[in-house]
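Residue-level structural notes
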Amino acid sequence: MLKNRQSLIIVITGPSGAGKTSLLKYLPSENFYFSVSHTTRPPRKDEIDGRDYYFVSKDKFLEMIKKDEFLEWVEIFGTYYGTAKSEIEKAFSQGKHLVLDIEVIGATRMKSYFGNSAVFIFVLPPSIEEIERRLRKRETEDDKKIRERIQRAREEIRFASWFDYVIINENLEKAKDELFSIIRAELCKPFRNPSLKNILNSLIYE
Ligand code: 5GP
């Protein structure tokens, strides 16, 4: 069911502050289903439960792990994040392209589940200074948390060349064009075109 699907599965990764969220806002929700992860982190001031995350207690999260309800999960800085299997089912039942905004370890795990169906994109910030500037602008983390996130960013960036595509988000418009180009190219892959067989047959035999 998961391999060679016609709809896209976009796994997008990049350090906090790389601008993934701003980039993903360009994808229309009529065609794209944005997987909502579960987390034990408290909501930021502009975040809404069920839209940005499902904000749950650690007990609830651990219970979900026990019940095997996650496709993947990670613990970062004592906070749990996970993709529930039910999110994937929702996207598929709506016939939309699925978008997963997850960190690098979760992304590598997805490779074995999704195979060719998924396209793996890494969003790089133009510099570490820019990440720091964006994190400070959010005003959601204290100095210690910002330092932790920057250290983690450096570790995540090591994995960038493992991904199918790397977008350097120096300029949001340019990054958006690159994202759209990747999606267009992926949608031209033969296995994603359900009518291709008929088209080829008619061109060859008629
Ligand atoms: P934040 O706390 O800034 O919202 O997210 C921190 C990191 O956790 C980001 O890199 C984000 O992509 C990642 N993340 C969010 N949800 C999930 C998830 O379900 N699984 C994994 N592996 N990472 C996630």
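Cut-offs used in this document
Residues numbered from 1 in each chain as written. Predicted model: local features only at pLDDT ≥ 70, side-chain atom pairs only at ≥ 80, totals over all residues. Heavy atoms only, no water. Pairing = 2+ DSSP bridges. Helix = DSSP H or I, 4+ residues; strand = E, 2+ residues; numbered from the N terminus. Contact = heavy atoms within 4.5 Å. Axes fitted to C-alpha atoms, helices over the stretch in contact; angles between N-to-C directions. Buried < 20%, exposed > 50% of the residue type's maximum accessible area, 1.4 Å probe, protein only. UniProt positions renumbered as here; feature names shortened; annotations may be inferred. Polar contact = N/O pair within 3.5 Å; in protein donor to acceptor, adjacent residues only side chain to side chain.

1. Describing the sheet that holds strand 4 (residues 54-55)
Taken together, the four strands give an open sheet; going across it, the order is 4-3-6-5, and neighbouring strands pair in mixed fashion. Edge positions in the open sheet fall to strand 4 and strand 5 (70-76), since each of these has one partner strand only. As paired strands, strand 3 (residues 38-39) and strand 6 (residues 79-84) are joined by two bridges and run antiparallel to one another. The partner of Thr-39 across the bridge, within strand 6, is Tyr-81. On top of the sheet, helix 4 (residues 104-114) reaches strand 5 and strand 6; it is set at about 165° to strand 5, its chief contact.

2. So, the pairing of strand 7 (residues 97-101)
The buried count for strand 7 comes to four of five residues, which makes it a mostly enclosed element. Where strand 1 (residues 9-13) lies against strand 7, four bridges are found, and the strand directions are parallel. When the sheet's bridge partners are listed, Val-11 is paired in strand 7 with Leu-100. One ladder, built from three bridges, connects strand 2 (residues 32-34) with strand 7; its direction is parallel. Directly across from Phe-32, in strand 7, lies its bridge partner His-97.

3. As for the environment of Ser-29
Summarising the element assignment, Ser-29 is placed in the loop between helix 1 (20-24) and strand 2. Separated by 19 residues in the primary sequence, Ser-29 and Ile-48 place their C-alpha atoms 17 Å from one another. Discounting chain neighbours no more than four positions away, the residues touching Ser-29 are Phe-34 and Lys-96.

4. Concerning the UniProt feature "domain: Guanylate kinase-like" (unreviewed entry) in the chain
Using the residue numbers shown here, the UniProt feature "domain: Guanylate kinase-like" (unreviewed entry) corresponds to residues 7-184. Within residues 7-184, the helical portion is 41% and the strand portion 23%, while the C-alpha atoms at the span's ends are 12 Å from each other.

5. What to know about the UniProt feature "binding site: ATP" (unreviewed entry) in the chain
Here the UniProt feature "binding site: ATP" (unreviewed entry) sits at Gly-14, Pro-15, Ser-16, Gly-17, Ala-18, Gly-19, Lys-20 and Thr-21. In this structure, Ala-18 sits in the loop between strand 1 and helix 1. Beyond its immediate chain neighbours, meaning those up to four positions away, Ala-18 contacts Val-123, Leu-124, Pro-125, Arg-134 and Asn-169. Turning to its location among the elements, Lys-20 is positioned in helix 1. Residue Lys-20 is classed as buried on the basis of its relative accessible area, which comes to 12%. A polar side-chain atom of Lys-20 sits 2.8 Å from the main-chain carbonyl oxygen of Gly-14.

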